[in-house]
Amino acid sequence: MNKTYEPKDFEHRIYDNWQKKGYFKAAPDKNKKPFSIVMPPPNITGQLHIGHALDCTMQDAVVRYKRMKGYETLWLPGTDHASIATEVKIVEKLKSEGTSKEQLGREKFLERAFEWKEQYGGRIVEQQKRLGVSCDWDKSAFTMDERCSRAVREVFVKMFNEGMIYRGNRIINWCPTCKTAISDAEVEHESTDSHLWHIKYPLTDGSGEIIIATTRPETLLGDTAVAVHPSDIRYKSYVGKTLRLPLVNREIPIIADEYVEKDFGTGAVKITPAHDPNDFEVGKRHDLPIINILNDDATLNENAGVYKGLNRYDARKKILDDLNSLGYLVKTESHLNNVGHCYRCNDTIEPIVSKQWFVKMKELAKPAIDAVKKKEIRFIPKRFEKAYLHWMENTQDWCISRQLWWGHRIPVFYCEKCGKATASIDDITACPQCGGKVHQDEDVLDTWFSSALWPFSTLGWPEKTELLDYFYPTDTLITGYDIIGFWVSRMIFSGLKHTGKKPFSDVVIHGIVRDDKGRKMSKSLGNGVDPIEVIENTGADALRIALVSGISAGGDIKWSSEKLEGYRNFMNKIWNAARFVLMNAEGCTIKEIGSFRLTLADKWILGELFRCVKRVTKLMDKYEIGLAAAEIYDFIWNNFCDWYIEFSKTALYSDDLERRNNVISVLMYVLRETLKLAHPIIPFITAEIYNELPNKDAEDIMISPFPENVGIVTKAKIIRSSFNAELAKMRSVMEVIKNIRAMRSDMNVSQSKRTALYIKPLGNNKALVKSSLSYIEKLACGSSIELVDSEPQGKNVTVLSTIAEVYIPMNELIDKDKEIARLKHELEVVESEIARAQGKLANEGFVKKAPTALIEAEKAKIVKYEEQKNTLLKSIDNLN
RNA sequence: GGGAGCUUAGCUCAGCUGGGAGAGCAUCUGCCCUACAAGCAGAGGGUCAUAGGUUCGAACCCUAUAGCUCCCACCA
């Protein structure tokens, strides 16, 4: 093995080998239980960012874990055509080339889009591979490939024929930059400082006026009424009269509607049905005309009269100026206003009445709500269930048409003769009713319409494929909380509706990656972290474990370079530990655990390993990858490296070949099992080291069996003991060593100075102490160690522990007064402990109600501390 | 306006069914001891946001308050 950890040297090679061997491939196998995950398809617009890296790492950890656990595991990857996002980018590119999509025409434009897909979709896949993701690339899907498109058509036609999809003239969210309708979910609301303008509308009969308050004066041009509350006495007499709209001079009615809040503004509201969702509803109730004043780029149209051609912001200014100079503007108040923005381009969206396609949601939502309420689908962590239910229960009909070219073109054909609209899975040229010529709808579907079908369209639905039969419903979905509404909920109702089955059982939600100051990573802040750059510098494993550590319960994760460095160091630690074990294995025979006598330390490390396996298994089953990583980190560093490897050195450096064989066998076993335990999280380094092991239990670590949580498992047997007794014993030996080290450090004794140690076992610990002498001598800087019955003659330093007292001749160290002071301090501590325990036992309530085990434990502590107190008093006395 | 979550060491976070406050990083001290200075050994550091309550016992359960974060929502 290389002396230093250089991930660049092997990550590519390891990954290529996995691919060559076909380990990622999944195929129905009746003898195995299936486990499947579909990957949330990244958009083809960009490149892998740190959020994807987190998403992929979590999925890969789960997938690798399940695969090692013996499941036939499918992780199905793919990419999303990302209708708007991609089209916007391509349009930008065309613009920079001095052309436009209109100039190009639909067909050529789509050619360009597919070229784009090849280029950028491919790049993301390459980047995912660098991360080590183990998905079945042969089954890669793309939301616009034949498979998925077929499913989209099937679903659309079915729902169209059932009346679940309808076309209607309704108010929708219009993005003037993307020049398309977007769904409610795609609008982000933002509080914005604005004004509330009070405008005077005169009565046509000249008998007075009404003052309305508005945040959008420019839409005045489209007003078709003014509304007041029916019970508002201020305006009661006005209802039914008409007003003359300023600037436009149109006569509009005063109507009464409950929608109006009496206490807000002036209690009178201008009604613009074409440009406000509420006004649209009011308009429907009162049968008001709808006057659209905007073009699709949000400039004013011919309905705006003299304001025609202005953009909406200039129009507002001009209209306010005009109102002011004509004396209509009576007051301007400041006002905090909620403004909707496009989630893609962030432009201010305009509510506009327009003819669009919608999916009826009410009927779809109900089973989707029930499935979660009945726990058929579980959210992890649970709190996201509420977010989901709330979203689902309040969802409005879903606007699915987009005025774009890149996407699934709506499969509806209009007859030019009889006007009939026909939805068809295959393109048609003639009207099925009258045989007339037809033309297809120009719009495409919302990109989420196809991703909603992802868990089953990718498996071949609507065909009854073997894959679908075996792997669907999928098991787990892992994604960020930001797309629960967009995606997760839509997959749930789509799956239930079209396959009759839930699409997955567990929805694991994680947070987003933020920078070290807790800010979202964004291009404008320039605080993004490029995963590929990190991989180049520190390796994929360090990136993976750094991402996954500290993430728990769906919370956001803060990224910091210190953290990354910490885990890079951990990788180095693993590397060197493995190197140590392998180096010392030369000339040794590796034996099966159980075929030779285990020492106390052997049993201890095996016990710790077993505990670690149990915890990691439990955590992985709960998708707590971060906490599992912490357990592994702790075991490897604090138990295996800091203690067991150190213990093992006395045996390894001895001349006794059998002892060496035994200890190297334990080292090798623990190393192998630990690598397997860690493999799902840090696949590369574990694979590279595993390949070097003489005791491999599989061709490759990724297809080796995950450590069992029933005990220590070898080919020869399963040792079910958890070694609890040995764990406790060894820990008390370690306490002796730690106490001696602490004392030495306290007394400023240099590490290289070795001393004689006299050790007096306490209670019935003689055998334990006797068997641990060599460990204590080696790890507590002893030059010699001797078992004694009492404190040796002369002046000594006394070190107290639970199982033994250790004496070190004073002359070996330095200062008598210092030692007395130290002992006095310890005496204080011991006395306060006695007082604490006594106080507890003096509490009547405690003695009466606390569990007996707890009371006994307190009593035992008093006995122990009293003993220590006596020793300390004697030692102090002896020094004086 | 409604809902959710968070508040534990200087920083990032653990803390299972209530039973003596933990880790990593940072800081300080001492160490190149034949795996690792990307390392080893040791140490300091906390009113568990605040105020009440339940309990023999509360970081943990209940109530209120404050601060932060996020989601949802049509008062123009």
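The structure displayed is predicted, hence computed values, not measured ones.

Asker: Please set out the protein's contact with RNA strand B residue by residue, giving values where relevant.
Answerer: Surrounding RNA strand B, one finds 54 residues, the nearest of these being Glu 261, Arg 579, Glu 833, Arg 836 and Lys 849. Atoms of RNA strand B within 4 Å of the protein: sugar and phosphate make up 52%, bases the balance. Taking Lys 649, its side chain carries an N or O atom lying 3.3 Å from a phosphate oxygen of RNA strand B. Of the residues forming the surface near RNA strand B, the biggest block, nine residues, is contributed by helix 17 (residues 561–584).

Asker: Now, about the nonpolar core: what can you tell me, with residues and values included?
Answerer: It is characteristic of soluble globular proteins that their nonpolar side chains tend to be buried jointly. Judged by nonpolar contacts, the single largest core of 149 residues is most densely connected at Phe 640, Tyr 644, Phe 647 and Ile 776. A total of 14 residues in this core trace back to one element, the largest contributor, which is helix 19 (residues 625–652).

Asker: Describe in detail the pairing of strand 5 (residues 165–175), supporting the description with residues and values.
Answerer: Where burial is concerned, most of strand 5 is hidden: eight out of the 11 residues are buried. Where strand 5 and strand 14 (residues 350–359) come together, 10 bridges link them in antiparallel fashion. The residue bridging Ile 172 from the neighbouring strand is Ile 352, located in strand 14. The sheet contact formed by strand 5 and strand 6 (residues 180–182) spans three bridges and is antiparallel. Bridging from a neighbouring strand, Trp 174 pairs with Ala 181 of strand 6. Connecting strand 5 to the antiparallel partner strand 6 that follows it, the hairpin turn spans four residues, and Lys 179 within it adopts a positive phi of roughly 55 degrees.

Asker: Account for the pairing of strand 8 (residues 209–214), naming residues and giving values.
Answerer: By the bridge criterion, six bridges tie strand 7 (residues 187–202) to strand 8 in an arrangement that is antiparallel. Looking at strand 8, one finds that Tyr 201 is bridged to Ile 210. Hairpin connection from strand 7 to strand 8: six residues lie between these consecutive antiparallel strands, with Gly 206 at a positive phi of about 75 degrees.

Asker: Lay out the environment of Leu 609 in plain terms, naming residues and giving numbers.
Answerer: Among the secondary structure elements, Leu 609 is positioned in helix 18 (residues 600–621). A relative accessible area of 3% means that Leu 609 is categorised as buried. Each C-alpha atom of the pair Leu 609 and Leu 677 lies 9.8 Å from the other, and the pair is 68 residues apart in sequence. Excluding its chain neighbours within four sequence positions, the residues that come into contact with Leu 609 are Phe 635, Tyr 669, Val 670, Glu 673 and Thr 674.

Asker: Can you lay out the packing of aromatic side chains for me, pointing to particular residues and giving the numbers?
Answerer: Any two aromatic rings considered together are summarised by their centre-to-centre distance and by the angle between their planes. Taken as a whole, this structure holds 35 aromatic pairs when the rule is applied. When the ring of Phe 35 is compared with that of Tyr 71, the centres are 6.2 Å apart and the planes differ by 65 degrees; the resulting orientation is edge-to-face. With Phe 35 in strand 1 (residues 34–38) and Tyr 71 in the loop between helix 2 (50–68) and strand 2 (72–76), the pair connects residues that are 36 residues apart, well separated along the chain. On the basis of relative accessible area, Phe 35 is assigned to the buried category, the value being 4%. Using a relative accessible area of 22% as the deciding quantity, one classes Tyr 71 as partly exposed. Here the aromatic rings of Phe 384 and Tyr 481 are separated by 6.1 Å at their centres, their planes lie at 15 degrees, and the arrangement is stacked. Of the two residues, Phe 384 is situated in helix 10 (residues 383–393) and Tyr 481 in the loop between strand 22 (476–480) and helix 14 (484–499); the sequence distance between them amounts to 97 residues. Among the aromatic residues, those joined into a cluster by ring pairs are Phe 156, Phe 160, Trp 357, Trp 398, Phe 449 and Phe 493. Between the NZ or CZ atom of Arg 170 and the centre of the ring of Phe 358, over which it lies, the distance is 4.2 Å. Residue placement shows Arg 490 over the ring face of Trp 398; its charged tip is 4.1 Å from the ring centre.

Asker: Requested: an account of the side chain of Thr 180, with residues and values cited.
Answerer: Along the polypeptide, Thr 180 turns up in strand 6. Residues in contact with Thr 180, not counting those within four places in the same chain, are Ile 84, Asn 173, Trp 174, Cys 175, Arg 402, Gln 403 and Leu 404.

Asker: Can you tell me about the packing of helix 18 against helix 19, naming the residues and giving the values?
Answerer: To characterise two packed helices, one gives the angle between the axes of the helices and the distance between these axes. At a minimum axis separation of 9 Å, helix 18 and helix 19 run at an interaxial angle of 175 degrees. Classed by the angle they form, the pair helix 18 and helix 19 counts as roughly antiparallel. In this structure, helix 18 contributes Ala 601, Asp 602, Trp 604, Ile 605, Glu 608, Leu 609, Cys 612, Arg 615, Val 616, Leu 619 and Met 620 to the contact, and helix 19 contributes Ile 625, Leu 627, Ala 628, Glu 631, Ile 632, Phe 635, Asn 639, Phe 640, Trp 643, Tyr 644 and Phe 647. Of the residues in the contact of helix 18 with helix 19, the class split is 17 nonpolar, one polar and four charged.

Asker: Please give an account of unusual backbone geometry that cites residues and values.
Answerer: Here Ile 380 and Pro 381 are connected by a cis peptide whose omega angle stands at 0 degrees. In this fold, Pro 381 is placed in the loop between strand 15 (378–380) and helix 10. Here the bond from Trp 461 into Pro 462 is cis, since omega is 10 degrees, no more than 30 degrees from zero. For Pro 462, the location among the structural elements is in the loop between helix 12 (454–457) and helix 13 (466–471).

Asker: Outline the sheet that holds strand 10 (residues 242–244), supporting the account with residue identities and numerical values.
Answerer: Where strands meet in a sheet, backbone hydrogen bonds hold them as pairs that are either parallel or antiparallel. In space, the four strands of this open sheet follow the order 10-11-9-12, with mixed pairing throughout. Edge positions in the open sheet fall to strand 10 and strand 12 (268–271), since each of these has one partner strand only. For this sheet, the mean inter-axis angle between neighbouring strands, taken without regard to orientation, is 30 degrees. In this structure, strand 9 (residues 225–228) lies alongside strand 12, joined through four bridges in antiparallel fashion. Paired with Val 226 across the two strands is Lys 270, which belongs to strand 12.

So, how was this worked out
Residues numbered from 1 in each chain as written. Chains lettered and ligands numbered in written order. Predicted model: local features only at pLDDT ≥ 70, side-chain atom pairs only at ≥ 80, totals over all residues. Heavy atoms only, no water. Near = heavy atom within 4 Å. Polar contact = N/O pair within 3.5 Å; in protein donor to acceptor, adjacent residues only side chain to side chain. Helix = DSSP H or I, 4+ residues; strand = E, 2+ residues; numbered from the N terminus. Core = buried A, V, L, I, M, F, W, Y, C linked by side-chain atoms within 4.5 Å. Buried < 20%, exposed > 50% of the residue type's maximum accessible area, 1.4 Å probe, protein only. Pairing = 2+ DSSP bridges. Contact = heavy atoms within 4.5 Å. Phe/Tyr/Trp six-rings, centres within 6.5 Å; stacked < 30°, edge-to-face > 60°. Lys NZ or Arg CZ within 6 Å of the ring centre and 35° of its normal. Axes fitted to C-alpha atoms, helices over the stretch in contact; angles between N-to-C directions. Parallel < 35°, antiparallel > 145°, perpendicular 65-115°, else oblique. Nonpolar A, V, L, I, M, F, W, Y, C, P; charged D, E, K, R; others polar.

Bear in mind that shape data such as this cannot, by itself, settle questions of function.
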